[in-house]
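Residues per chain are reported as follows:
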Amino acid sequence: MTADHRTFVIIGAGFAGAKAAEALRERGFDGRVVLIGEEPERPYERPPLSKGYLTGDAGKDSVFVHDEDFYAKQSVELRTGTGVTSLDPAGRTISLSDGSRLRFDKALLATGSEARRLTVPGSELAGVHHLRTKADADALATAAATASSAVVIGAGWIGSEVAASLRTRGLPVTIVEPASLPLERVLGREVGAVYRDLHAGHGVALRLGDGVAALHGTGRVEEVLTTSGARIPADLVVAGIGATPRIRLAADAGLTVGDGVVTDEFLRTSHPDIYAAGDIAAAWHPLFRGRLRVEHWANALNQGPAAAAGMLGAGEAYDQVPYFFSDQYDLGMEYTGHCPEWDRVVFRGTLGTDGFLAFWLRDGVVAAAMNANVWDVSDQLQQLVRARVRVPEQRLTDPDVPVEALLTAE
């Protein structure tokens with residue numbers, strides 16, 4: 001067999017990049033694989049950072065994607081602590097932060113997202129944290145160990161999970177959120193109310209429909225001033241106000257970008273030998289007939305290997321149904337589908353921690369579904385969403401109809 005002398009470069013040593021490198025070797029590619037990451041750590045998973053890693057329930061090494069010796073054993077050149085300063089698609093080269101250049105035959109962009117920074121007056125004070133990296137989580141955990149009270153700004157996924165984790169550690173916590181309910185934009189009012197009551201039931205103070213005007217303190221944060229004029233004492237502030245895709249490298253290289261790096265269904269960018277995966281990929285989705293950019297763990301898990309297949313010429317369209325999960329206190333959930341707008345939401349079971357299912361309907365079709373403290377149904381719900389069929393509401397809400405039977409005729 002002739003040796004493969006090609007060089008495949010993966011820019012971004014996060015979950016998607018690590019899984020892509022793994023998939024290249026599993027599929028038999030024996031050329032050069034270079035995996036480049038800015039952080040000093042080997043690739044790790046981010047979801048635990050706001051959950052078990054922050055509470056201390058998960059071990060420090062539990063977040064890593066692979067064992068430390070994996071990359072050497074697989075002949076993957078892992079370059080940590082190294083940034084990519086420019087990408088030249090025509091010349092097929094990248095320039096690195098150490099001043100060197102590297103030529104590639106094919107490249108994968110998996111540069112991920114970065115936390116949106118708080119910009120109100122006082123946001124530069126000590127004691128103000130954002131959470132995106134393992135280093136961020138370590139710093140936050142250290143600060144939480146000696147803090148007397150915390151304010152979490154934002155009640156999206158990161159903010160809600162961080163609030164739950166800090167409260168689990170015993171800290172007094174206040175959430176400040178401009179919307180009327182936690183997670184309302186994604187889940188709607190009914191499910192948002194479940195999370196409101198969940199946090200309130202665990203002693204979190206909720207300032208909903210309020211924003212942050214400024215942070216006050218001498219050298220470090222001591223108080224949060226809200227837009228309504230409330231003053232909340234806090235020596236720890238966490239800004240969970242979203243993330244933005246890191247697309248500057250792609251944009252500067254002349255690749256087509258929008259809300260992310262634009263790709264086709266094979267995760268190929270506007271350059272035929274450059275692919276994108278994970279948080280930055282605004283990929284054409286054959287099932288939903290539109291571009292989706294998904295910032296969740298399962299997307300990185302699945303898109304990394306899919307991009308690797310594309311780089312090897314397999315031509316496998318990426319059509320996975322989006323999936324994410326969240327654990328807060330005693331409520332775990334899994335969400336399957338894509339439904340930024342819906343007509344109505346119907347439920348099976350009583351809303352709360354005893355367990356329920358939710359179905360988001362668009363034009364009578366189940367566009368998304370969620371199982372909360374109900375387990376071993378996620379695969380069936382994914383099949384339901386993928387089928388894009390109308391199911392009578394009475395069957396969706398009837399607990400006597402097995403979930404796996406929802407696709408069958410009455």
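Up top is the structure.
Residues numbered from 1 in each chain as written. Predicted model: local features only at pLDDT ≥ 70, side-chain atom pairs only at ≥ 80, totals over all residues. Heavy atoms only, no water.

So, the pairing of strand β5 (residues 93–96): which residues are in play, and what are the values?
Of the two faces of β5, the one holding Thr93 and Ser95 and the one holding Ile94 and Leu96 are both buried throughout. Relative to β5, strand β4 (residues 84–88) is paired through four bridges, and the arrangement is antiparallel. Among the inter-strand pairings, Leu87 is bridged to a residue of β5, identified as Ile94. In sequence, β4 turns back onto β5 through a hairpin of four residues, with Arg92 there showing a positive phi of about 55°. As paired strands, β5 and strand β6 (residues 101–103) are joined by three bridges and run antiparallel to one another. (Buried < 20%, exposed > 50% of the residue type's maximum accessible area, 1.4 Å probe, protein only. Helix = DSSP H or I, 4+ residues; strand = E, 2+ residues; numbered from the N terminus. Pairing = 2+ DSSP bridges.)

Describe the pattern of salt bridges, and please don't skip the residues or the numbers.
A complete count under the given rule lists 26 salt bridges for this structure. A salt bridge links Lys134 to Glu41, with the nearest nitrogen and oxygen atoms 3.5 Å apart. With Lys134 in helix α4 (residues 134–144) and Glu41 in the loop between β2 (32–36) and α2 (52–55), this residue pair connects regions lying 93 residues apart in the sequence. Owing to a relative accessible area of 7%, Lys134 belongs among the buried residues under this scheme. A relative accessible area of 27% means that Glu41 is categorised as partly exposed. As a salt-bridge pair, Asp197 and Arg196 come within 2.9 Å of each other at their nearest N and O atoms. With a relative accessible area of 46%, Asp197 lands in the partly exposed category. Shared partners join several salt bridges into a network, and the residues in it are Glu41, Lys60, Lys134 and Asp138. (Salt bridge = Lys/Arg side-chain N within 4 Å of Asp/Glu carboxyl O.)

Let's hear about helix α8 (residues 297–311): which residues, and what values?
End to end, α8 covers 22 Å across 15 residues, agreeing with the expected 21 Å (1.5 Å per residue, within 8%). Looking at α8, one finds that the buried residues are Ala298, Asn299, Ala300, Gln303, Gly304, Ala306, Ala307, Ala308, Ala309, Gly310 and Met311. Considering only its buried residues, α8 is in contact with β1 (7–11), α1 (15–26), β7 (106–109), β20 (274–276), β21 (281–285) and β23 (323–328). With its phi angle positive at about 85°, Gly313 sits one or two positions after the end of α8. (Expected span 1.5 Å × (residues − 1). Contact = heavy atoms within 4.5 Å.)

If you had to explain the nonpolar core to someone new, which residues and values would you point to?
Core analysis: the largest hydrophobic core is formed by 29 residues, its most contacted members being Ile10, Leu24, Val33, Leu35, Leu108 and Leu267. Going through the elements one at a time, β1, α1, β2, α3 (70–73) and α8 are the ones with two or more residues in this core. If you tally residues by element for this core, the top one is α1, at seven residues. For Val33, the contacting residues outside a window of four places in its chain are Phe8, Ile10, Ala21, Leu24, Arg25, Ser75, Val76 and Glu77. Ranked by size, the runner-up nonpolar core spans 25 residues in total, among them Leu140, Ala150, Ile175 and Val204. (Core = buried A, V, L, I, M, F, W, Y, C linked by side-chain atoms within 4.5 Å.)

How would you sum up the sheet that holds β5? Please name residues and give values.
What the three strands build is an open sheet, ordered β4-β5-β6; its pairing is antiparallel. This sheet does not close on itself; its edge strands, each paired only once, are β4 and β6. Across the sheet, the mean angle separating the axes of adjacent strands is 20° when strand polarity is ignored. (Axes fitted to C-alpha atoms, helices over the stretch in contact; angles between N-to-C directions.)

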